[in-house]
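# Fold and contact review
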Amino acid sequence: ICGAVVTAEFLTNFYIQSDDRSMGIRVDAVSSAWPAVAVGKRVNVFGKMRIAASGERYIEPTNVTAASTGMVAPIAMTCSAVGGTNWRYDPDAGHKGQLGVTGGYGVNNIGLLVKVSGKYTRINSAKFTIEDGSGVITCTVPSGAPSVTGTRYATVTGVAACAKEGDVYTRLIRARSSADIRLH
């Protein structure tokens, strides 16, 4: 993938997406191993396509190089739209396509930078949920994010991902930093 914008960095992986938001994907590599990786940088990523136990497609890189800079804005959506349906997913074809979330609808958006708003409910120090009337989505909390007890309203920006709970693929948003979580 050439010239994709880095939208998120975590300890063991980072996310890239195209300017037109038609593609977003996780790259599994310790980001510090690739000096070109930083949010807002364009990179060229070469490697093997894999599918994680969570159902999320990712690249296992063999090479990552810097290309230039760029920014993409998050897509605002309802909680129930996060994840979407299968995109060219074929369980018999190995690492082809992207699995959608169970009960998902609309365009698959796993790997893209998204924004949702709704009722905030803390689960624990690492997770909370957002409910907007269309559905509930789990959000992971990065180190240093606000830890509020009780229920409030919040807007969260992060990468759309999925998690596997038994035989169900659930919606997940991975916030990048505490600045991505705005409590109201």
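In the block above lies the structure referred to throughout.
My aim in this report is to walk through the structure given alongside it, one point at a time. Just so it is clear, the structure is predicted and the values come from calculations on it, not from any experiment. (Residues numbered from 1 in each chain as written. Predicted model: local features only at pLDDT ≥ 70, side-chain atom pairs only at ≥ 80, totals over all residues. Heavy atoms only, no water.)

## Some words on the pairing of strand E2 (residues 13–17)
Put simply, side chains in a regular strand alternate between the two faces of the sheet. Of all the five residues making up E2, five are buried; the element is thus mostly covered by neighbouring parts of the structure. Judged by which residues are buried, E2 turns out to be covered on both faces: Asn-13, Tyr-15 and Gln-17 on one side and Phe-14 and Ile-16 on the other are all buried. Linkage of strand E1 (residues 4–9) to E2, two consecutive antiparallel strands, is achieved through a turn of three residues. Relative to strand E3 (residues 24–28), E2 runs antiparallel, the two sharing five bridges. Directly across from Ile-16, in E3, lies its bridge partner Ile-25. Here E2 hands over to E3 after six residues, with Arg-21 in that stretch at a positive phi of 65 degrees. (Buried < 20%, exposed > 50% of the residue type's maximum accessible area, 1.4 Å probe, protein only. Helix = DSSP H or I, 4+ residues; strand = E, 2+ residues; numbered from the N terminus. Pairing = 2+ DSSP bridges.)

## Describing the nonpolar core
As a rule of thumb, nonpolar side chains are buried together in soluble globular proteins. Val-116, Phe-128, Ile-130, Ile-137 and Ile-173 are the most contacted members of the largest nonpolar core, which has 18 residues in total. Breaking this core down by element, the ones donating at least two residues are strand E7 (113–124), strand E8 (127–131), strand E9 (136–140), strand E10 (151–165) and strand E11 (168–175). (Core = buried A, V, L, I, M, F, W, Y, C linked by side-chain atoms within 4.5 Å.)

## A short note on the pattern of salt bridges
Summed over the entire model, instances satisfying the criterion amount to five salt bridges. A salt bridge links Asp-28 to Arg-26, with the nearest nitrogen and oxygen atoms 2.7 Å apart. Among the residues examined, Asp-28 registers a relative accessible area of 25% and is labelled partly exposed. Between Asp-180 and Arg-176 there is a salt bridge, with its nearest N and O atoms 2.9 Å apart. (Salt bridge = Lys/Arg side-chain N within 4 Å of Asp/Glu carboxyl O.)

## Considering unusual backbone geometry
Residues other than glycine seldom take positive phi values, yet Arg-21 does so here, at roughly 65 degrees. Here Arg-21 shows up in the loop between E2 and E3.

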